[in-house]
Amino acid sequence: MTIPVIITFCILLLIAYLFDLSASRTKIPSVILLLILGWSVRQLTTFLKFNLPDLSSFLPILGTIGLILIVLEGSLEIDLDKSKLGLIRKSFFGALIPLFGLAFLFAFLFRYFGNYSFREGLLNSIPFCIISSAIAIPSVKYLTSSEKEFVIYESSLSDILGVIFFNFIAHHESFGVLSFAHFGLQIVIITVVSFVATIGLSFLLNRIETKIKFIPIILLVILIYTISEIYHLPALIFILVFGLFIGNLKEIRLFNWIDGFNPEILNREVQKFKELTIEGAFLIRSLFFLLFGYLLETSEILYSTSILWAVGIVAIIFLFRIFQLKISKLPLTPLLYLAPRGLITILLYLNIDPIHKIWEINNSLIIQVILITAVLMMVGLMMTSRKKMSKF
């Protein structure tokens, strides 16, 4: 039994790699193909009557590790060069305004039409308001540099701000002065932890001379994140600070104390660390969507009652995105279509306490919204590619 399982995993991950390679040419987001592949494996195992253990408990674990690696990958990609401050500012507000605007709009609609509490409405709305960097970033490899950078910044910041916003709502029963003061204290604590941990990890990255050095660093990053989550701290801030610090040593060298890290040597190590992070993120992301596709029931995908909800949610998301891009004076094509939902949407939905879940929001609605946004992104990228080809 062991050998067939190993062979199956290797074949599935190699196919996932081919999906990733072909995405730039076919413009088909790899997440769609991974979900289809995972679903197909489920149908095959059912047909052949293979009895596999319940794998659903692995989904949150893969999702959490994937979130850490994806945000770390995104923060390592962010260049804090002064010339890009305008782009970073637009990306920040491009992530922030739709997140809060859509979340409050959906929460109001759930409260008005469904008689749910505003807090329950927010908890169930936030997962739909976050752009998935796990899908967006791999899909923009061949766009212009400015478009690519905007999507990387926007989707990474959307992940971070969305998770922080969700955790704030989830961990506070009411929203008053005390809750905001408590949240402010958490921000201060995680900022201090982030600074100390980043200095320590950077020192280790620079000083470890054994052949095995990057895996322990990643394990420590995951450990610090997990411990911070236990105390309900906005742990993604630590991931962001660490990635920005080691990824922007050239800009930070303005401070004299940075010279103690031997920036030239550390920069070389950071490049290797970045490559490992990218490959690790690909591996975990692929496993997550394969497993999610495997766990999907056909009836959930084709559930007709939730399709109208899914179309309505996606329509509101894209209307809001048009408004946001117009305000930011950014081109609608192809940026309008690059707002997929994915890993974070699933992960946050799984973390909602069952007693606070809204019955209209179920597995079918989640997967339908993810698929519709991914298909729209695919169509948008294809249209953009054809326009560019017609110019030659």
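Residues numbered from 1 in each chain as written. Predicted model: local features only at pLDDT ≥ 70, side-chain atom pairs only at ≥ 80, totals over all residues. Heavy atoms only, no water.

Caption draft 1: A look at the overall build of the protein chain. Counting its secondary structure elements, the protein chain contains 16 helices and zero strands. Relative to the 2.2 N^0.38 estimate, which gives 21 Å for 392 residues, the radius of gyration of the protein chain is 21 Å and therefore close to what a compact globule would have. Principal-axis analysis of the C-alpha atoms places the extent of the protein chain at approximately 60 × 55 × 55 Å. Burial statistics for the protein chain: of 392 residues in total, 51% are counted as buried. Pairs at least 24 apart in sequence give 81% of the contacts found in the protein chain among residues at least 6 apart. Charge separation in the protein chain, taken as the distance between the mean sites of 30 positive and 24 negative side-chain charges, equals 8 Å. (Helix = DSSP H or I, 4+ residues; strand = E, 2+ residues; numbered from the N terminus. Rg over C-alpha atoms; globule rule 2.2 N^0.38 Å. Buried < 20%, exposed > 50% of the residue type's maximum accessible area, 1.4 Å probe, protein only. Contact = heavy atoms within 4.5 Å. Lys, Arg positive; Asp, Glu negative; His and termini not counted. Charge placed at Lys NZ, Arg CZ, Asp CG, Glu CD.)

Caption draft 2: Representation of the packing of helix H4 (residues 85–114) against helix H5 (residues 118–125). Their axes nearest at 8 Å, the elements H4 and H5 cross at an angle of 130°. If you check the angle between H4 and H5, you find them oblique. Pair H4 / H5 crosses with right-handed handedness. When H4 is examined against H5, the residues Ala-103, Phe-104, Phe-106, Ala-107, Phe-108, Phe-110 and Arg-111 are found in contact with a partner set consisting of Phe-118, Gly-121, Leu-122 and Ser-125. Across the contact of H4 with H5, the residue classes tally to eight nonpolar, two polar and one charged. (Axes fitted to C-alpha atoms, helices over the stretch in contact; angles between N-to-C directions. Parallel < 35°, antiparallel > 145°, perpendicular 65-115°, else oblique. Left-handed = near helix turned anticlockwise from the far one by under 90°. Nonpolar A, V, L, I, M, F, W, Y, C, P; charged D, E, K, R; others polar.)

Caption draft 3: Molecular detail of the nonpolar core. Core analysis: the largest hydrophobic core is formed by 122 residues, its most contacted members being Leu-67, Ile-126, Ile-239, Phe-242, Phe-273, Phe-289 and Leu-343. When neighbours within four sequence positions are excluded, Leu-343 is seen to be in contact with Gly-63, Leu-67, Ile-70, Ser-132, Ala-134, Phe-288 and Phe-289. (Core = buried A, V, L, I, M, F, W, Y, C linked by side-chain atoms within 4.5 Å.)

Caption draft 4: Region of the structure containing the packing of helix H3 (residues 58–77) against helix H10 (residues 236–247). Between H3 and H10, whose axes approach to 8 Å, the crossing angle comes to 35°. In the packing of H3 onto H10, the handedness of the crossing is right-handed. On H10, the residues touching Leu-67, Ile-68, Val-71, Leu-72, Ser-75 and Leu-76 of H3 are Leu-236, Ile-239, Leu-240, Phe-242, Gly-243, Leu-244, Ile-246 and Gly-247. Along the lines of polarity and charge, the residues of the contact of H3 with H10 split into 11 nonpolar, three polar and no charged.

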